[in-house]
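# Coordinate inspection notes
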Amino acid sequence: MEYADIIHRCFRCGYCKFTRDYRDFNCPTYRKFWFESYSPGGRMWLLRAWLNGEIPSSQRLAEIFYSCVTCGNCVEHCALEFRENLVNIFVAARKEMVEKGLVPPAVRDYLKGIQTHGNPFKEPRQDRDKWAEGLGIPSYSGQDYLLYAGCVASYDDRGKKIARAVASVLKEAGLSFGILGGDEASDGNEVRVLGEWDLFQMLAEDNIRKFKGLGVKKIIAISPHAYNAFRNDYPPLGGKCEVLHYTQALDQMIENGKLTFSSGKDARVTYHDPCYLGRHNGEFDAPRNILRAIPGVRLTEMDKIKKNALCCGGGGGNFFTDIIGGGEGAPARVRIREAAETGADTLAVACPKCAKMFEDAIKAEALEGTIKVKDIAEIVCEAGKG
Amino acid sequence: MARIIYDALAEIVGKEYVSDRAEELFLYSRDPGTMDPKKPDYVVLPKSVEEVQAILHLANRERIPVVPLGGGLVLSGLSRPLKGGIVLDMKRMNRILDVNEKSRYVVVEAGCSQGMLQAYLNRNYPHLKHSIPDSPPSATIAGNILIHGSGHMSQATGFHSEMLNGLEVVLPTGEVCKIGSCSTTPYWFSRAPLPDLAGLFLGWHGTTGVVTKLAIKLYPNPAKKDVMMFLTENPDYMPDIISKVTGTEMAEDLNVSASQLPDYMEGLQLSLIYVTANTIEEIDFKKRTIRETLRSYINQKEGGFMFVPTIAKGRFIETPLREMTKFADSKKGGGFEYVGAIMPIELFPEAYRKGLEIAAKYETPYSMAVRIIGRAHCMMFAYAYAFNRADDNDRKKAQRALHESNIAALELGGIPWKAEEPAQKLILERMDPETSRLMNRIRAALDPNGIMNPGNWEVK
Ligand SMILES: Cc1cc2nc3c(=O)[nH]c(=O)nc-3n(C[C@H](O)[C@H](O)[C@H](O)COP(=O)(O)OP(=O)(O)OC[C@H]3O[C@@H](n4cnc5c(N)ncnc54)[C@H](O)[C@@H]3O)c2cc1C
């Protein structure tokens, strides 16, 4: 297994479980299950034991690995020098499980959906652009930017609203962009982190071929997960484009004076950093800059932000597989409680997966009258421009 | 039978907080140190004192061993279940219950981590702090106090067990018992003036009960902190240097480290003298006084203060010191353990030379660290050995070096701290027989069925 030569170097000291100042356990699975086995250090030791034949393959072991949300909190806080590779090691372990046919059924279903339909919702490919109906967004044909929606924003009802908001704002600001519509395919980020490297490579190479064929030079991604794949995993496969998350595009437009606000709704807003925008790619400012630029929006930060943000629980494939599971300790429920504690009436997000996770959490926590979830693009849409 | 016990445990704590699965049994059978694994039968995560009580009632009925676990970072394998049974991972019981600002104490649940308390005080009571060990932040307050740990204020205030104000403990037979002022008043201000029953639980390695709550002393947290680094090349000077520095009453913490790596440190003893103050004038005065007290060494060119740029001081000043944890990977092998022997200050030179000898014998770079306890009333002298976790021979070699260090410490007149099970036997062999008989009688009275962490402090 890749990285097999370093897994023994984990001391299991537990720095990885915390925030930087140790105020809270911040590994989503550890704080949900409380067994050491669900901590990054526990996984490192179990992985070694498994590879050495000290513990058998089992559904449970697979679940321990697939419950990891790949949020990168451990990478951020581990005290030892191999820390950069922690998430990579867990992904490599999953790859090993894929190769040995040990993945949990929910993971298998997800991967099957991608194989057979090109999306995990098992929806027809041609319906991929339904989210854009009536918006008058052209197909990509050499515009400055390709707007890439991704699976959740294309098929999930909540995601579609976000996609519409992003596209509307970009259009209103006069940006030159097009979409792939029915030709769009999964970016493969979740496929890769679920350990199906071959399928990921196929998807990525297909996408790269498509992008090259169409002459795509710049991409705006709605989902931070797609942004991550395009930015970090496509270039080694030959897919080098300028990639922006949509909040970065909006931030640039605000900075250039192409997007200005005249008014906004009075709102007390707190912002949740998506892991694949924040910790994985270091973008913490663009979303905050946008919120600060909107009149009436008062940004109130949560206790744990930026590199110390708690994941919504939807990463690492869990948005689809939900191996991490629900209950009071589910990360989205913990996080929505943290958001509500700030006194904010709105939780701003910048990821369709986070939006959906938190809306479900609001229902589970009966916080409907207290706080609502809005994507930053939706907040921008509601504000008066000019 | 095993199924019945599992179901009974699940009934007590909830199905999701009990495991008899291979993954947990593997992990909870070992700690990051060198000791051989010992498998539990069940791992249980209680949330309340009532749950702990119910577990102990069950364990008594069924004669199942119970091993309390905090952060599991003691390194000497004290929470490996030597005779199987239940490992009771206390970390779900992690609330911070009360801070008394005026009488300067905090009441916490036993699973509360060092890191969480530190962060909580920083945010809510920045003028107060507790004495923090350099163990990783997931070490628990209880685990550390109960083994007589020490930390950043131990030079000034003694062992962490001396900072204990009171306990709530579930006795091996299941009764909940309060120790200290909290047994008689609503306050947890001290163990005095009552008969001091805390001694029934301190240093016993979880063999006399399960602590569920405890109160520890807090101290003023001066705004400024600095570290001075004094280097010498002759271990014979160290008792005098320690005596002089502690004699100024100006140092909050005093550590000495000596290691063969990096090369340029070989042969040197590095004293880290921590100074805290509320103003620049005060800190300057303290540093000047300390410098003056060591003037004779500087004048005779026998020692000197190292210049450390302010920016580089950060890693020496942070609490806990991550650098300590990084030692685990010094061989790129992810393992280390140390013998921390408690001994009088005057034994420094001999203890040091013994450290060099043992390291040379085991062909490993020497690494020693000393923390001065209670204004030089004694010291914790640590012989640390890194090992490669991927190489079992290397782990066993470190285990042998540790055992030899334990023997050496005892022969010198020290006592191994948080001693591994074999080292506990060495201590008991040397102990006054009436003392070990008393230990035995106490243990038999408290734990008639012998369920608490059996195999540890086992007196024949
Ligand atoms: C890098 C490093 C640096 C260290 N530096 C220091 C230092 O500066 N100072 C220091 O003192 N130590 C230090 N240590 C040693 C050790 O990590 C600490 O003492 C730590 O605080 C032990 O706490 P724990 O919660 O991990 O205890 P554990 O290892 O979980 O338990 C220790 C013992 O206490 C018992 N126990 C735990 N909880 C309970 C309970 N609730 N009721 C009854 N018994 C219980 C256990 O059964 C066991 O016998 C260091 C360790 C490392 C790895």
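Residues numbered from 1 in each chain as written. Chains lettered and ligands numbered in written order. Predicted model: local features only at pLDDT ≥ 70, side-chain atom pairs only at ≥ 80, totals over all residues. Heavy atoms only, no water.

### Structural notes on the packing of aromatic side chains
Filter applied, for reference: Ring pairs are drawn from Phe, Tyr and Trp, using the six-membered ring of Trp, whenever the two centres fall within 6.5 Å, and their geometry is named by plane angle: stacked under 30 degrees, edge-to-face over 60, tilted for the rest. Where helices and strands are cited, they refer to DSSP runs of H or I of at least four residues and of E of at least two residues respectively, numbered from the N terminus. Exposure classes here rest on a 1.4 Å probe applied to the protein chains alone. A residue is buried below 20% of its type maximum, exposed above 50%, and partly exposed in between. Our definition puts a charge over a ring when NZ of Lys or CZ of Arg is within 6 Å of the ring centre and also within 35 degrees of the ring normal.
Scanning all chains against the criterion turns up 27 aromatic pairs over all chains. Between A:Y110 and A:F320, the ring centres sit 4.8 Å apart and the planes meet at 45°, which makes this aromatic pair tilted. On the criterion of sequence distance, the pair formed by A:Y110 in helix α6 (residues 105-117) and A:F320 in helix α14 (residues 318-321) is long-range, its members being 210 residues apart. Overall, A:F320 belongs to the partly exposed group, its relative accessible area being 23%. Ring geometry for A:F121 and A:F320: centres 5.7 Å apart, planes at 75°, overall edge-to-face. With A:F121 in the loop between α6 and β1 (145-148) and A:F320 in helix α14, the pair connects residues that are 199 residues apart, well separated along the chain. It is B:R92 that lies over the ring of B:Y17; its NZ or CZ is 3.4 Å from the centre. When the ring centre of B:F305 is taken as reference, the NZ or CZ atom of B:R291 above it lies at 5.8 Å.

### Focus on the interface of chain A and chain B
Applicable threshold: Contacts: residue pairs with any heavy atoms within 4.5 Å of one another. Note on definitions: buried area is the accessible-area loss of two parts on being combined, 1.4 Å probe, summed for both. Should a side-chain nitrogen of Lys or Arg be within 4 Å of a carboxyl oxygen of Asp or Glu, the pair is scored as a salt bridge. By the criterion applied in these results, polar contacts are pairs of N or O atoms within 3.5 Å in which, for protein atoms, one can donate a hydrogen and the other can accept it, and in which residues neighboring in sequence qualify only through two side-chain atoms. Charged means Asp, Glu, Lys or Arg here, nonpolar means Ala, Val, Leu, Ile, Met, Phe, Trp, Tyr, Cys or Pro, and polar covers whatever is left, Gly included.
Counting from both sides, the interface comprises 43 residues of chain A and, opposite them, 48 residues of chain B. Interface area for chain A against chain B, summed over the two sides, is near 3,700 Å², with a carbon-plus-sulfur share of 63%. Counting across the interface, chain A meets chain B through 7 salt bridges. Remark: the boundary between chain A and chain B carries 16 residue pairs in polar contact (both at pLDDT 80 or more). In terms of residue count, helix α2 (residues 40-51) of chain A provides more of the side of chain A that touches chain B than any other element does, 5 residues in total. Classifying every residue of the side of chain A that touches chain B by side-chain character gives 23 nonpolar, 6 polar and 14 charged.

### Details of the side chain of B:S138
Tracing the backbone shows B:S138 in the loop between β7 (128-129) and α5 (141-146). For B:S138, a relative accessible area of 3% puts it in the buried group. Within the local environment of B:S138, its side chain forms a polar contact with the backbone oxygen of A:C13, the two atoms lying 2.9 Å apart. Among all residues touching B:S138, those that are not within four sequence positions of it are A:C13, A:G14, A:F18, B:G71, B:L73 and B:S113.

### Brief notes about the sheet that holds strand β10 (residues 210-217) of chain B
Residue and element names in this part refer to chain B. This is how the line gets drawn: Strands pair, by our definition, only if DSSP identifies at least two bridges between them. Between N-to-C directions, angles cover 0 to 180 degrees, with each direction set by a line fitted to C-alpha atoms, over the stretch in contact for helices.
Pairing is antiparallel in the open sheet, where 5 strands are placed in the order β5-β6-β10-β8-β9. For this open sheet the edge positions go to β5 (96-100) and β9 (176-180), each flanked by a neighbour on one side alone. Each strand of the sheet is rotated relative to its neighbour by a mean of 10°, with strand direction disregarded. Strand direction decides the pairing type here: strand β6 (residues 105-109) and β10, joined by 5 bridges, are antiparallel.

Note that every value here comes from positions in space, so none of it alone points to a role or purpose.
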